[in-house]
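Structural characterization, general
Here is how the chains run, residue by residue.
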Amino acid sequence: MSSEEEDPLRAAIESRGRVRTSAAHMPPPSTRTARRGTSQARLQRENTHDEIYEKIYVAILEHRLHPGTKLGEERLAEIFNVSRARIREVLARLAHEQIVEIFPQRGAYVARPTVAQTLDVFEARRLIEPAVLRRLIDTLTPEKLAKLRQHQELELDARRRDDKRAVIRLSGEFHSLAAELAGNTALARSMRELSMLTCLMIFLYDAPTATSCRADEHSQIIDAIGKRDASRAERLMLQHLDHIERSMKLDGGDEPVDLEAIFKS
Ligand SMILES: [Zn+2]
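A brief look at the structure comes next. The written sequence of each chain sets the order in which its residues are numbered from 1. Predicted model: local features are reported for residues with pLDDT of at least 70 only, side-chain atom pairs are reported and counted for 80 or more only, and whole-chain, interface and lining totals are derived from all residues. Heavy atoms from the whole structure form the basis of all side-chain values; hydrogens and water molecules are not counted.

**Side note on the nonpolar core**
In terms of nonpolar packing, the biggest core is built from 69 residues, with L65 and I225 touching the most fellow members. Each helix is a run of H or I in the DSSP string that is no shorter than four residues. Each strand is a run of E no shorter than two, and both are numbered from the N terminus. Counting residues per element, this core draws most heavily on helix α8 (residues 185-205), at 12 residues. If we ignore the near neighbours within four places in the chain, the residues touching L65 are L9, A12, I13, I56, A59, I60, L71 and V110. Throughout this description, the term nonpolar core refers to a set of buried Ala, Val, Leu, Ile, Met, Phe, Trp, Tyr and Cys residues connected via side-chain atoms within 4.5 Å. We call a residue buried when its accessible area falls under 20% of the maximum for its residue type, exposed when it is over 50%, and partly exposed in between, using a 1.4 Å probe and counting protein chains only. In what follows, residue pairs with any heavy atoms lying within 4.5 Å of each other are defined as contacts.

**What about helix α10 (residues 230-246)?**
In this model, α10 (17 residues) spans 24 Å end to end at C-alpha, consistent with the 24 Å of a helix rising 1.5 Å per residue. All of the buried residues in α10 are A233, E234, L236, M237, H240, L241, I244 and E245. One fewer than the residue count of a helix, multiplied by 1.5 Å, yields its expected span.

**Quick notes on the pairing of strand β3 (residues 107-110)**
Note on pairing: DSSP must find at least two bridges between two strands before they are called paired. Bridge count between strand β1 (residues 70-71) and β3: two bridges; the pairing is antiparallel. When the sheet's bridge partners are listed, K70 is paired in β3 with Y109. Pairing of strand β2 (residues 100-103) with β3, which is carried by four bridges, proceeds in the antiparallel orientation. Paired with E101 across the two strands is Y109, which belongs to β3. Between β2 and β3, which follow one another and run antiparallel, lie three residues, and Q105 among them has a positive phi close to 70°.

Now the structure itself:
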């Protein structure tokens, strides 16, 4: 493994910009139990696991780590200065969330969802997101609405600064935040995974400069939520999902661009 090969992975993980740590992409509290060691040591281990998870997760979400990129255990262990066993744990967690694919004898790669998976994800989103909005409107409080508007401000600010990475991340997080505020943890978890997969799909099937969600569409959805107009909010969300799906090139066969080969050369 030459040092030139190490650099892109390290850079992708360490160049994380100003990241708003919203609950939408925070890892859920760990439920692991200690196998050995003091509770202090266990705490340290778990924090490190969450930190590594979070850094890789955000790097993928911000398109700094591309679909198909190899996530070598040894290199990641070096970068994070931890054991390969700990890296394996983090990669297994990311694989469980379908963000990473693990192949026997080849190792872990950032997932490359196929066209068929992409169509499945949009079908699931069309079912889940209207339900999320209905529940959110049923349980709406001024605080929840304020959180949505705050998030929207961050997104608009990122667009004004032309910070494409932040826009990609924040626009995906808008959907996770809505699900989280709706208050159903199962829906929120599904939404978080679906947003993340959509993010990978946008990278694979969209124009390189595309940024997934249009800002004005989020604003209109928030306005409908504020007016507790569930049918309008649902209709706008379905249109919004159609726009995202239609902006992708999903009819050119099932094989995404072979980025892995590009990076291996
Ligand atoms: Zn959106």
